[in-house]
Amino acid sequence: MCKMDWLLTALLLQTVLLTEVTAVVKVSMKLKRYQNHGHHELDDDCCDPQPWILWDPCNDCDNHFELCFDTISSDLDFHTCHYESFKTERLFADDDDFYFPPVLRAPQNTFIPNPFLINITDWQNGFRTKIKVLDYDPHNSDDLIDEIGYNFMDSDYQPSASLGSVSDWKEIVLDGGRGHAIITVQIKVYCEEHYYKAAEGCNTYCLGRDDALGHYDCHDVTGSKLCHPGYTGQDCEQVQLHEMNSILCINPSFPLPLT
């Protein structure tokens with residue numbers, strides 16, 4: 001191998017190593033449904049009391065949300081959001097049973113797509129979602145309805161190699177908060193292009209090739225190297241014996257590898 005070939009190979013290996021270090025696990029999450037059947041705040045007071053209606057003394061709340069995505073823990077600290085955080089404006093007036101819209105209205109006349117994407121650069125077999133629900137009050141400070149914290153672990157989703165069909169989504173009901181809110185979410189975890197094994201932090205890199213350094217494709221889920229017909233070896237760089245015999249029959253002058 002000439003000096004230039006060695007240099008190109010070294011640069012290629014360096015690029016692969018640097019790329020592997022910066023692997024990112026992508027989490028796609030969709031807020032699906034919100035429910036608060038009793039229309040209560042965290043302190044069990046009504047969001048909007050209407051005592052003159054005996055059979056329904058509590059009117060629906062004006063809900064808005066704060067979301068925080070953090071490393072796995074047990075806290076409900078909304079000031080610590082290692083990965084991402086955002087807030088919504090009031091989504092619906094006087095409504096405690098609704099499906100989230102495909103676009104969430106946010107402060108300063110901005111918008112958040114739903115589902116939204118979270119990039120996790122230091123995967124630890126999961127992540128923590130913290131959701132705060134508040135009742136909008138135009139005259140006083142907003143009242144707290146609920147705070148929910150949930151650690152999404154490997155068992156909560158079906159990792160996939162890419163953002164594929166709807167069947168890959170896993171639906172989870174979050175109802176273990178401090179208050180009465182029930183939030184249904186859908187989640188999908190997948191890897192950046194050329195990375196595999198989402199449940200293990202997308203720690204397997206594979207880029208198919210067909211050249212002097214290897215002849216293989218990559219398995220869709222595991223990222224294992226799948227040798228092209230006629231090749232074997234760790235990087236599918238070795239010609240199989242029966243393939244070599246075929247080559248020699250066609251071209252007897254083909255140079256044999258040194259042993």
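Data block above holds the structure.
Below: a short report on this structure. (Residues numbered from 1 in each chain as written. Predicted model: local features only at pLDDT ≥ 70, side-chain atom pairs only at ≥ 80, totals over all residues. Heavy atoms only, no water.)

Before going further, it helps to spend a moment on the sheet that holds strand β17 (residues 214–218). Judged by pairing direction, the sheet is antiparallel, and its three strands sit side by side in the order β16-β17-β18 without closing on themselves. For this open sheet the edge positions go to β16 (209–211) and β18 (225–227), each flanked by a neighbour on one side alone. Ignoring which end each strand starts from, the neighbouring axes of this sheet average 35 degrees apart. Across three bridges, the pairing between β16 and β17 is antiparallel. Bridge pairing in β17 links D210 to H215. (Pairing = 2+ DSSP bridges. Helix = DSSP H or I, 4+ residues; strand = E, 2+ residues; numbered from the N terminus. Axes fitted to C-alpha atoms, helices over the stretch in contact; angles between N-to-C directions.)

Before going further, it helps to spend a moment on unusual backbone geometry. A cis amide bond links N114 with the next residue in sequence, P115, at an omega value of 20 degrees. Here P115 shows up in the loop between β8 (110–113) and β9 (116–120). A positive phi is found at Q108, a non-glycine position, where the angle reads about 60 degrees. Here the phi dihedral of C236 falls at roughly 55 degrees; this positive angle occurs in a residue that is not glycine.

Note that soluble globular proteins tend to have their nonpolar side chains buried in a common cluster. Counting 39 residues, the largest nonpolar core has Y34, F65, F69, F100, F116, F127 and I183 as the members making the most contacts within it. Those elements giving two or more residues to this core turn out to be β1 (25–35), β4 (63–70), β7 (103–106), β9, β10 (126–135), β11 (143–153), β12 (170–174) and β13 (182–191). Judged by nonpolar contacts, the second largest core, of five residues, contains C206, Y216, C218 and C236. (Core = buried A, V, L, I, M, F, W, Y, C linked by side-chain atoms within 4.5 Å. Buried < 20%, exposed > 50% of the residue type's maximum accessible area, 1.4 Å probe, protein only.)

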